[in-house]
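What the coordinates show
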Amino acid sequence: MTKFVISWLHSVVLLKIVHMKNWLIAVALLLTLFTVNAQKETPKLVVGIVVDQMCYDYLYRFYPQFGKDGFKRLMDKGAHFRNVNYNYVPTYTGPGHASVYTGTMPANHGIIANDWYHRPYGKEVNCVDDTTVNGVGTTSVDGMCSPHFLRANTITDQLKLTYPGAKVVGVSIKDRSAILPAGHMPDGAYWYDYSSGKFITSTWYKNELPQWVNQFYTSNPFDRYAGQVWNLLKDSSAYAYAKQDNSPYEVLIGGKSAPTFPYDFTKLQPTQQYNTFTVLPFANTYLTDFALAAMEGEGLGKDGVTDFLTISYSTPDIAGHAFGPYSLEIEDMYFRLDQDLENLFKQLDAKVGKGQYVVFLTADHAVVPVPQFLTDHHLPGGYLFLDSREQELRAQSIAEFQVDVIDRIDNDNVYLKKEYLGSPIEDQLIAFLQKRISEWPEVKAVFTKDQLNASPNDTWCKMVAAGYDKERNGELIFLLQPGYLPKSTDNEAAHKGTSHGSAFNYDTHVPVLFYGKGILPQEVFTPYEIVDIAATMVHVLNIQRPNAMVGKPMVELFKRKK
Ligand SMILES: [Zn+2]
């Protein structure tokens, strides 16, 4: 209402001024009128950053070594929400990115894992696989991707619906981490092609790479990034794990004989190099430079309508799986990522303008320390060796029912063979399997689809239910004990490296930071859930809540100077 009164007043004054033939003032007033009506007090650009596998405590572990304009800029000059957790399982990359950007859980957005057994197709699918599209910039299968499995709208979708002039671009090394944040109708989503070392897209988005992408590749930038040897960035005294570089808990990569610095992959064949490159911190720099090229090429943050750039750093996860959180490699990875962020923020200051943009940073999940490391240090943890457990379960099924009723076990889900679904003995089979699996000492709890459909109150059951989709999940889902990881077989390799996916705090507690236009520096300890980030961004962007959003706004962010 007030806006209309102001508009009306503007018009009256405008007429008078026009009458006075003072065109200059009239034009200036018209411009203010336009900006007020275009999008009230919104930033020119929002940059959503996901750091794949970043644990909450990394902010503090590495704080003394961070420069003042990377992570520290967000922590010290932005709003820091220190108590945000994932509120569902499984805590994987696909579900994490979908939940951050839709403001709802896998039960609603349908991205229940990175890969799952898709019964309608009778095979395993990746969450962004799409056989109806082709790669653009590549002929490899890496390009056959789209967000078609994503059942809910993202805040980026909603921004495009509300303000057609808004531009949305998503970039990442991982396909799913570029695709899911950018939503269904972005101006572009670009991810890394393991067969060429270049960023590519698919025909879901466009039929040709834009000119700025071709421009980016005129100087053959891949060789510049991949041609470097990974050494420590700082003096060894800056690192807590300087003396434990040769750790028994780390995976050997790129044909190395010890998991130690330096990491020199420059002599590998290109096909091998395209793979090993994504574990190196230089891949973060490559992605940052590509994101900046996208910003420039697409003209993001250049007009009165808010644009949205999503960046997801995959390399910290790829390296994190190999080395584990308590490693020299991860320390150095974050010291270097800090420099990439500093460069990104300085470019945003220069290109979009200080105070003209909003950044948020979070993670798609965190990670458990290497379970073997935990047990060696008398901490709870261990492994579930799935091959032998599965064999045992199938044998029990045959002994009881004279037939193996299990189709497959995937992502801690048990899928019954199709012929038993809806059959008179389905409930009996499920009850039997639940009883047998709950006897496994590595398992904390096992839930049936009926329990998950019954709006459970139990903390763990509720988290599993929030990640359950009736078409894509199995008939039973089990949860491992704290500190446990599933592995196929017990061999030397199984005890190295780590992963994530659980309902426990080492996987669910992640950083959440907001910085930029209108945001006051503050630390907030109110507990929030990961789905609340998008619900908060709704009010930064002045958009409708996306269709399946259940998150609530983190109201502290909207505190204004008195
Ligand atoms: Zn991972």
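One can find the structure itself at the top, above this paragraph.
Nothing here was measured: the structure is a model prediction, and the numbers come from that model.

**Focus: the overall build of the protein chain**
- Scanning the protein chain from terminus to terminus reveals 21 helices and 19 strands.
- Computed over its C-alpha atoms, the radius of gyration of the protein chain comes to 25 Å, within 12% of the 24 Å expected for a compact globule of 562 residues.
- For the protein chain, the spread of C-alpha atoms along the three principal axes comes to 95 × 60 × 50 Å.
- Within the protein chain, buried positions represent 58% of all 562 residues.
- By sequence separation, contacts in the protein chain at least 24 residues apart represent 73% of the contacts at least 6 residues apart.
- Roughly 23000 Å² of accessible area belongs to the protein chain as shown, and the carbon and sulfur atoms make up 54% of that amount.

**Considering the nonpolar core**
- Grouped together as the largest cluster of nonpolar side chains are 136 residues, with contacts concentrated most on Ile-49, Phe-81, Ile-155, Phe-277, Tyr-334, Leu-348 and Phe-514.
- Those residues within four positions of Ile-49 in sequence are excluded, and the remaining contacts are Tyr-101, Ile-311, Tyr-313, Leu-341, Leu-344, Phe-345, Val-359, Phe-360, Leu-361 and Thr-362.
- By size, the runner-up hydrophobic cluster in this structure holds 21 residues, among which are Leu-416, Ile-430, Trp-440 and Leu-480.

**Some points on the coordination of the zinc ion**
- The zinc ion binds to the protein through Asp-317 (OD), Asp-317 (OD), His-321 (NE2) and His-500 (NE2), with metal-donor distances spanning 2.1 to 2.6 Å.
- One chain supplies every donor to the zinc ion, and in sequence these donors are spaced D-x3-H-x178-H. In this pair, Asp-317 is assigned in helix α13 (residues 315-323) and His-500 in the loop between β16 (484-487) and α20 (505-508), connecting sequence segments 183 residues apart.
- Looking at Asp-317, the relative accessible area reads 3%, which means it is buried.
- You can call His-500 buried: its relative accessible area is 8%.

**Section: the pattern of salt bridges**
- Considering all chains together, one arrives at 23 salt bridges under this definition.
- Across the pair Glu-523 and Arg-82 runs a salt bridge, and its minimum N-O distance is 3.2 Å. Of this pair, Glu-523 sits in strand β18 (residues 522-524) while Arg-82 sits in strand β2 (residues 79-85), placing them 441 residues apart in sequence.
- Judged by relative accessible area, Glu-523 falls into the partly exposed class, the value being 44%.

**Side note on helix α17 (residues 426-438)**
- Relative to the 18 Å expected for 13 residues at 1.5 Å per residue, α17 spans 18 Å between its end C-alpha atoms, a close match to the ideal helical length.
- All buried positions along α17 are accounted for by Glu-426, Leu-429, Ile-430, Phe-432, Leu-433, Arg-436 and Ile-437. Mapping the buried residues of α17 onto a view down its axis gives an arc of 160°, with all of them on the same face. For α17, the exposed residues lying more than 90 degrees away from the buried face are Asp-427 and Lys-435.

**Digging into the sheet that holds strand β12 (residues 406-410)**
- If you walk across this open sheet you meet the four strands as β12-β13-β15-β14, and the pairing is antiparallel. If you trace the sheet from one side to the other, it starts and ends with β12 and β14 (443-448), each paired once. Strand after strand, the sheet turns through a mean of 20° between neighbouring axes, direction not considered.
- As paired strands, strand β13 (residues 413-416) and strand β15 (residues 476-480) are joined by two bridges and run antiparallel to one another.

**Focus: the environment of Tyr-86**
- Within the secondary structure, Tyr-86 is located in the loop between β2 and α5 (93-102).
- Measuring from C-alpha to C-alpha, the distance between Tyr-86 and Asn-505 comes to 8.6 Å, with 419 residues separating the pair along the chain.
- At 2.7 Å, the side chain of Tyr-86 forms a polar contact with the backbone oxygen of Ala-363.

**Some points on the packing of helix α16 (residues 386-401) against α17**
- Where α16 meets α17, the axes come as close as 11 Å, and the angle between the chain directions of the two elements is 135°. Between α16 and α17, the angle falls in the class oblique. The handedness of the crossing between α16 and α17 is right-handed. Contact with α16, carried on its side by Leu-393, Gln-396, Ser-397, Glu-400 and Phe-401, involves Gln-428, Leu-429, Phe-432, Leu-433, Arg-436 and Ile-437 of α17 and no other residues of that element.
- Its residues assigned to classes, the contact of α16 with α17 comprises six nonpolar, three polar and two charged.

Calculation rules
- Residues numbered from 1 in each chain as written.
- Predicted model: local features only at pLDDT ≥ 70, side-chain atom pairs only at ≥ 80, totals over all residues.
- Heavy atoms only, no water.
- Helix = DSSP H or I, 4+ residues; strand = E, 2+ residues; numbered from the N terminus.
- Rg over C-alpha atoms; globule rule 2.2 N^0.38 Å.
- Buried < 20%, exposed > 50% of the residue type's maximum accessible area, 1.4 Å probe, protein only.
- Contact = heavy atoms within 4.5 Å.
- Areas by Shrake-Rupley, 256 points an atom, 1.4 Å probe, with all protein chains shown as cover.
- Core = buried A, V, L, I, M, F, W, Y, C linked by side-chain atoms within 4.5 Å.
- Donors = N, O, S within 2.8 Å, 3.2 Å for Na, K, Ca; no water.
- Salt bridge = Lys/Arg side-chain N within 4 Å of Asp/Glu carboxyl O.
- Expected span 1.5 Å × (residues − 1).
- Arc of directions from axis to C-beta.
- Pairing = 2+ DSSP bridges.
- Axes fitted to C-alpha atoms, helices over the stretch in contact; angles between N-to-C directions.
- Polar contact = N/O pair within 3.5 Å; in protein donor to acceptor, adjacent residues only side chain to side chain.
- Parallel < 35°, antiparallel > 145°, perpendicular 65-115°, else oblique.
- Left-handed = near helix turned anticlockwise from the far one by under 90°.
- Nonpolar A, V, L, I, M, F, W, Y, C, P; charged D, E, K, R; others polar.

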